[in-house]
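Each chain is listed here by its residues.
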Amino acid sequence: IFMFIPSYFLHFLLLVRPSRSLHRRWHSSRLPWLPPVPPLAHTLQGYLRALEPLLPADELSHTRRMVHEFGRPGGLGAQLQDGLERRARHSRNWISDWWVKWAYLESRQPLPVHSNPAISLPRRDYNDWRSQLVFASKLIAAVLDFRAKINAGQLPVEYMRGKPLCMDLYPLLFSSCRIPGPKHDHIAHHGRSRRFPAHITVVRNYQFFQLDVYNSDGSRLTESQIHSQLLRIRSQSWKTDKEPMGILTSEHRHTWGQAYNRLLRDKLNKESVRMIETGLFSLCLDSPVMRISDEKYASRKAAQILHGGGTFSNSGNRWFDKTLQFVVGKDGSWGLLYEQATAEGPPIATLLDHILEKPDPKRAPLVPLSMPKKLYFHIDREIKRDIEHAKQNLDILINDLDVNVFNFKRFGKELPKEHGLSPNAFIQVALQLAYYRVHSEVCPACDIASQRMFRGGRTEYIRSPTNQTLKFILAFDDPTVSREVKLQLFREAVDAYTALTDLTLNGHGVDQHLLGLKLQAIEKGMTIPKIFMDTAYGLATHWKLRTGQVPANTDSVMCFGPLVPDGYAICYNPQADHVHFSITAFNCCEETHAETLAVTLKDTLCQLQELLQPTV
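- Labelled according to an unreviewed UniProt entry, the protein chain appears under the name Choline/carnitine acyltransferase domain-containing protein, originating from Scophthalmus maximus.
- Reading the Sequence similarities (unreviewed entry) entry of the UniProt record for the protein chain gives the comment "Belongs to the carnitine/choline acetyltransferase family."

Digging into the overall build of the protein chain
Then step 1. Secondary structure summary: the protein chain contains 20 helices and 19 strands in total.
Then step 2. A globule of 616 residues ought to have a C-alpha radius of gyration of about 25 Å, and the protein chain, at 24 Å, matches this closely.
Then step 3. On the principal axes, the C-alpha backbone points of the protein chain span a range of 75 × 60 × 50 Å.
Then step 4. Residue burial in the protein chain is summarised as follows: out of 616 residues, 60% are buried.
Then step 5. Of all intrachain contacts in the protein chain linking residues separated by at least 6 positions in sequence, the fraction that spans at least 24 positions is 77%.
Then step 6. A total of about 25100 Å² of accessible surface is found on the protein chain, and carbon and sulfur atoms cover 53% of it.
Then step 7. Mean positive and mean negative side-chain charge positions of the protein chain (75 and 62 charges, respectively) differ by 8 Å.

Some points on the sheet that holds strand 15 (residues 459-464)
Then step 1. The strand order across the open sheet built from 6 strands is 13-19-18-16-14-15, with neighbouring strands paired in mixed fashion. Edge positions in the sheet fall to strand 13 (401-408) and strand 15, since each of these pairs with one other strand and no more. Each strand of the sheet is rotated relative to its neighbour by a mean of 20°, with strand direction disregarded.
Then step 2. When strand 14 (residues 445-450) meets strand 16 (residues 545-549), the two strands line up parallel, connected through 2 bridges. Looking at strand 16, one finds that A445 is bridged to L545.
Then step 3. Where helix 12 (residues 381-400) meets the sheet, it contacts strand 13 and strand 19 (579-586), and its direction lies at approximately 40° from that of strand 13.

Description of the packing of aromatic side chains
The relative placement of two aromatic rings is captured by the distance of their centres and the angle of their planes.
Then step 1. Applying the stated criterion across every chain, the model contains 22 aromatic pairs.
Then step 2. Between W99 and Y461, the aromatic rings sit 5.6 Å apart at their centres with planes inclined by 80°, giving edge-to-face as the arrangement. Here Y461 lies in strand 15 and W99 lies in helix 5 (residues 96-105), a separation of 362 residues in the sequence.
Then step 3. Residues Y435 and Y568 carry aromatic rings whose centres are separated by 6.1 Å and whose planes lie at 90° to one another, so their mutual orientation is edge-to-face. Taken as a pair, Y435 in helix 14 (residues 423-439) and Y568 in strand 18 (residues 568-574) lie far apart in primary sequence, 133 residues in all.
Then step 4. Judged by its relative accessible area of 0%, Y568 is buried.
Then step 5. In this structure, R147 is placed above the aromatic ring of F196, and the distance from its NZ or CZ to the ring centre is 4.6 Å.

Some points on helix 16 (residues 483-505)
Then step 1. For helix 16, with 23 residues, the first-to-last C-alpha span of 33 Å sits near the 33 Å given by 1.5 Å per residue.
Then step 2. Listed in full, the buried residues belonging to helix 16 are K486, L487, L489, F490, A493, V494, A496, Y497, T501, T504 and L505.
Then step 3. Residues of helix 16 that are buried in the fold lie against strand 3 (156-160), helix 14, strand 14, strand 15, helix 15 (467-476) and helix 20 (594-612).
Then step 4. One or two positions beyond helix 16, positive phi appears at G507, with a value near 85°.

Considerations on the packing of helix 4 (residues 76-89) against helix 17 (residues 511-523)
Then step 1. At a minimum axis distance of 9 Å, the contact between helix 4 and helix 17 shows a crossing angle of 95°. One finds that helix 4 runs roughly perpendicular with respect to helix 17. On the side of helix 4, the interface is formed by G77, L80, Q81, G83, L84 and R87, while helix 17 contributes H513, G516, L517, Q520, A521 and E523.
Then step 2. Taken together, the residues that form the contact of helix 4 with helix 17 break down as 4 nonpolar, 6 polar and 2 charged.

Quick look at the environment of E414
Then step 1. Along the chain, the position of E414 falls in helix 13 (residues 414-418).
Then step 2. Considering only alpha carbons, one finds E414 and H578, 164 residues apart in sequence, at a separation of 9.1 Å.

Scoring rules and cut-offs
- Residues numbered from 1 in each chain as written.
- Predicted model: local features only at pLDDT ≥ 70, side-chain atom pairs only at ≥ 80, totals over all residues.
- Heavy atoms only, no water.
- UniProt positions renumbered as here; feature names shortened; annotations may be inferred.
- Helix = DSSP H or I, 4+ residues; strand = E, 2+ residues; numbered from the N terminus.
- Rg over C-alpha atoms; globule rule 2.2 N^0.38 Å.
- Buried < 20%, exposed > 50% of the residue type's maximum accessible area, 1.4 Å probe, protein only.
- Contact = heavy atoms within 4.5 Å.
- Areas by Shrake-Rupley, 256 points an atom, 1.4 Å probe, with all protein chains shown as cover.
- Lys, Arg positive; Asp, Glu negative; His and termini not counted.
- Charge placed at Lys NZ, Arg CZ, Asp CG, Glu CD.
- Pairing = 2+ DSSP bridges.
- Axes fitted to C-alpha atoms, helices over the stretch in contact; angles between N-to-C directions.
- Phe/Tyr/Trp six-rings, centres within 6.5 Å; stacked < 30°, edge-to-face > 60°.
- Lys NZ or Arg CZ within 6 Å of the ring centre and 35° of its normal.
- Expected span 1.5 Å × (residues − 1).
- Parallel < 35°, antiparallel > 145°, perpendicular 65-115°, else oblique.
- Nonpolar A, V, L, I, M, F, W, Y, C, P; charged D, E, K, R; others polar.

Here it is, written out as structure tokens:
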């Protein structure tokens, strides 16, 4: 199950504030280790509590007996716990490497939709190629400035609840790329070499270019220099009949791994692929988003950032393995696509904030610049066949994805705060209520908690629904229950989720510990414990609601696909007086429909406002 856990929705659940600049290495050495492995009894109790709202009494009773047997003193669970505690004593972080490998690198599903998150930002006020290139130049210059701050140790350390956060991911964002493998992928970090890469990759009309962004003396190109180079690239990429090589990276990972090996047998291809993989990041110069109506434009725009819109649109302008891909459209659309084995939501949000600060442009020196290098590929019959298969499969995946993006304008995060409620917990309870109203049941849902308060920490799941949430849901639409009782039950549900969040943020979540116990058994060559073969465990990890809060200083919205065929993915960005939502579902499932859930969620949020602030 954990092979399919891309946790690509990573975010800050609480306000993160920057503090004075500290050198990254100095800072990381003063972070605490990941806390000791949680007590086995604590995790098993939390697991059973998470199952209570989901299972009928007889199944729950069966699972309780199985869990108690696993957790008895001297039993199998205790042996595996001892092994985890030994691992924790001798490792930098007892779970993060395992988590990254199982959650991302061993997943064989395609990266677009299933894994890589997209962030769609407010449309820029232009609709022509000249302004597109001007904005792209500013964006590149701002990203290079951000990287310079990282390298100089000048990036302000982020704090959450008064504790410094691990900043180790930041330098890994640049010159990194995921490499496909037969059983699992790996990440290549090229920025660590003595002679770090000095180029980015620019893609237009499916054609890739190597653009050097540093002068021979190590100084960065200015905005105007970058702009002149982008004009040169445009003049070399008129043709639109080129084979979309980037489509290959959208395949099932095993299929792409085989095609990758075939591709690299040719020396020219190997050199071109290496230039893409080693580049600091990629810039995708897209053609306009297909416009059907103003109402659906936001959804179309987010979908285009996420997967390129299809093989007849901009999907050939992507290299989905690349850690950072900035997308700038001719119609003012723009955003960012990132690969999650290396990147996470909060560092990406910090990077985007820096881009929007608009650094002062520097005057360009009068030095000649070499022509951007076009990357060529030798496409034989086998590679041509691989591309055709990839095009068919990607279009099937894209056509199967239903995307609904909307801005809820009735209220934002200030409303819950005024009533002493956590905005994130408020929205999580609302999501469960909306789901129940559509499907007449609650379902396993995962939200993401940052573990960056610990050295090398990545993420952990916050599970829902809680017993308190189920109790509230069952009462809310019952006309025999008074408003006062409903309000009290709602507060209890929100507070219970807030308490669960606090536990998880402090390293006492359930899922990483369970994963560690399972992997410990596999590593020791033991039979997988029965607790993980139980139908209850399969149900509990069949995440029908994949959610993520991505608070940002901009009106951006994150978008990604569901984790399971009969599920949804819901991302939200709460602002003071409004909330941006994206909801995705698969068309192949007759039970799920993104627009139906979106309409129900809007109605539910309005009714919760009425519960807190009755108008009569």
